[in-house]
Amino acid sequence: MDSYTEGLIKKAGILVEALPYIQKLYKKTIVIKYGGNAMINDELKKSVIEDVVLLKFVGLNPVLVHGGGPDISNALKTYHVESKFINGLRVTDEDTMHIAQMVLVGKTNKEIVSLLNAKGGKAIGLCGLDGKLIECKKLYTYVDGKKEDIGFVGEVEKINTKVIKLLTDDEYIPVIAPVGVDGNGQSYNINADTVAAEVAKALKAEKLIYLTDVDGVKDKEGEVMPVIPTDEVDGYIEKGVISGGMIPKILSCKDAVSHGVKRVHIIDGRILHSILLEIFTKKGIGTMITADEFHD
């Protein structure tokens, strides 16, 4: 057998390995939080777009929620508006909110939609103002026990899923910018991780995937933990296995699972085709948080 034929057989084997996962996830909703280096590096960006389009074509229902921090920061510099963060949240005055909305909805969102469509997908861009998709209220944070007003930063109160379901039940890929709206029509900037989790919970998604700039959740020896059962999360935090900035993300994952999301994945978006590798291979590449007794 020549090397060319061997290569073809290897490719066929990869497809066969993916088959049971495609069957299991057919017509299921997969919420993907898109951010980090995967939004900046052109090769990684192309990889993510191809993965999402492929998911739709093999019968899954991907929903993409994106960030846009670097684009916002660059735009603020252009308009000579200073960026300030408290507890990892961007302080958002009126000028910053106008620029953030302009960038997230008018630039970043439409670029992603255009890339998905160019690859053969049918993407529709949305933000929280569309059909009151993301209803929110003003969010306050605390520094040393003192309440801090950080401006037009929102806390999700409700996700109105009807428009998302109409799109996913058809042939479309919803692409959601993390801008919400309150009862008075005021726009708010919202953390994209939070929006992705709330969307996944509201849709009772089969999977919520966070594309990050880390390999996954690591143990004390520095090895990636492939699976973390939700009933073991608190113990890992108490033992210091999960620490620092990973604590709020893992607690958010646990909360999503407790509200109906079957599995949450934290994966390295710096790896080409990381979404496909996590979903369609037995071993995967990141960390999965689940309440299931069996983790296949």
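Criteria and cut-off values
Residues numbered from 1 in each chain as written. Predicted model: local features only at pLDDT ≥ 70, side-chain atom pairs only at ≥ 80, totals over all residues. Heavy atoms only, no water. UniProt positions renumbered as here; feature names shortened; annotations may be inferred. Pairing = 2+ DSSP bridges. Helix = DSSP H or I, 4+ residues; strand = E, 2+ residues; numbered from the N terminus. Axes fitted to C-alpha atoms, helices over the stretch in contact; angles between N-to-C directions. Contact = heavy atoms within 4.5 Å. Core = buried A, V, L, I, M, F, W, Y, C linked by side-chain atoms within 4.5 Å. Buried < 20%, exposed > 50% of the residue type's maximum accessible area, 1.4 Å probe, protein only.

As named in an unreviewed UniProt entry, the protein chain is Acetylglutamate kinase, taken from Qingrenia yutianensis. Listed under Pathway (unreviewed entry) in UniProt, the entry text for the protein chain is "Amino-acid biosynthesis; L-arginine biosynthesis; N(2)-acetyl-L-ornithine from L-glutamate: step 2/4."

A.B. asks: Please explain the sheet that holds strand E8 (residues 173–177) as it appears in this structure.
C.D. replies: Within a sheet, adjacent strands bond to each other through the backbone by hydrogen bonds, running parallel or antiparallel. Strand order in this open sheet of eight strands is E5-E8-E2-E1-E11-E13-E14-E12, and the pairing throughout is mixed. Both outer strands of the open sheet, strand E5 (123–127) and strand E12 (227–229), are each paired with one neighbouring strand and no more. With direction set aside, neighbouring strand axes in the sheet form an average angle of 20°. Here E12 pairs with strand E14 (residues 287–290) via three bridges, running parallel. Residue pairing for E14: Val 227 is matched across the bridge by Met 288. Relative to strand E2 (residues 61–66), helix H2 (residues 42–57) is tilted by about 150°, and along the sheet it contacts strand E1 (29–34), E2, E8 and strand E11 (207–212).

A.B. asks: What is the right way to read the nonpolar core from this model?
C.D. replies: Most often, soluble globular proteins keep nonpolar side chains buried together rather than apart. Within the largest apolar cluster, 38 residues are counted, with the highest numbers of intra-cluster contacts made by Val 31, Ile 176, Val 199, Leu 208 and Val 264. Residue assignment for this core shows that the elements contributing at least two residues are E2, strand E6 (134–143), strand E7 (146–159), helix H5 (162–169), helix H6 (192–203), E11, helix H8 (246–258) and strand E13 (263–268). Ranked by residues supplied to this core, first place goes to H6 with six residues. If we ignore the near neighbours within four places in the chain, the residues touching Ile 176 are Val 63, Leu 64, Val 65, His 66, Asn 109, Leu 126, Leu 133, Ile 134, Ile 164 and Val 199.

A.B. asks: What exactly am I supposed to notice about the UniProt feature "domain: Aspartate/glutamate/uridylate kinase" (unreviewed entry) in the protein chain here?
C.D. replies: The UniProt feature table records "domain: Aspartate/glutamate/uridylate kinase" (unreviewed entry) at residues 28–268. The span residues 28–268 shows a helical share of 37% and a strand share of 29%, and its end C-alpha atoms are spaced 22 Å apart.

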